[in-house]
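Structural overview for review
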Amino acid sequence: MGFQSIVHGRIIINNNLNNAREIIQRLGNEEWMFRTEMFGQGISNPTYYENPVISFGATYKQIEYHWTEFIQKFENILRQIDFDTAKIQLETEIMGTYNFFWKSKKQSENNYDQDDKLIEVDEWFFGFGNRSRWGTLETDLLEEEIFTWEDFKYPIIQ
């Protein structure tokens, strides 16, 4: 037995949607954590307003027990893609729902203040909680919205 976890989210692409698609195609469908088939790879003809969006989603058996590894693999994908922002929502049966956010430092100046409660690392800003498309908090960040299961801490120390 076990409990089901649902992970879904999106990556907003800055440039080169075709490169992002190639990265996702190379994932293949052998890996249990990230598979090509779990991604929607954006609209082929540019009918979107500004930036294409790659969506993804999958169900897992208690992925929260492997969350550090999951985030490391997700961030490895982000490192290969020219993205603006990314969001993940983790829905668990017993622990609740958690939101995760990344904002790339590549394209624009990022002027966040302490109220945004973002964690800055070399490549991006990271945050927990309910955030706007740009990364600002839409509601106050509550302590219970910060995912700490199985000693998960951000940034991940390898």
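Here the structure is shown first, and the text comes after it.
For every chain, the first residue of the written sequence is number 1, and numbering continues from 1 along that sequence. With the structure being a predicted model, the display of local features is reserved for residues of pLDDT at least 70 and the display and counting of side-chain atom pairs for 80 or more, all residues being used for whole-chain, interface and lining totals. Neither water nor hydrogens contribute to the side-chain values; these are computed over all heavy atoms in the structure.

**Description of the pattern of salt bridges**
- Should a side-chain nitrogen of Lys or Arg be within 4 Å of a carboxyl oxygen of Asp or Glu, the pair is scored as a salt bridge. Following the criterion strictly, the structure yields 7 salt bridges and no others.
- The shortest N-O distance in the salt bridge between E123 and R79 comes to 3.1 Å. Highlighted residues: E123 in the loop between β6 (119–120) and β7 (124–128) and R79 in helix α2 (residues 67–80), separated in sequence by 44 residues.
- K105 is the partner of E120 in a salt bridge, and the nearest nitrogen-oxygen pair spans 2.7 Å. Of the two residues, E120 is situated in strand β6 and K105 in the loop between β5 (96–104) and β6; the sequence distance between them amounts to 15 residues.
- By relative accessible area, which is 26% here, K105 ends up partly exposed. Numbering of helices and strands starts at the N terminus; helices are DSSP runs of H or I of at least 4 residues and strands are runs of E of at least 2. Here's how the labels work: a residue is buried when its accessible area is under 20% of the maximum for its type, exposed when over 50%, partly exposed in between, all with a 1.4 Å probe on protein chains only.

**Quick look at the sheet that holds strand β1 (residues 4–13)**
- In this analysis, strands are considered paired if DSSP registers two or more bridges between them. Here we have 7 strands laid out as an open sheet, ordered β2-β3-β1-β4-β5-β7-β6, and antiparallel in their pairing. Since the sheet does not close on itself, it has two edges, and those belong to β2 (39–40) and β6, each with one partner.
- Here 8 bridges tie strand β4 (residues 83–92) to β5, and the two strands are oriented antiparallel to one another. What sits directly across from T92, in β5, is G96.

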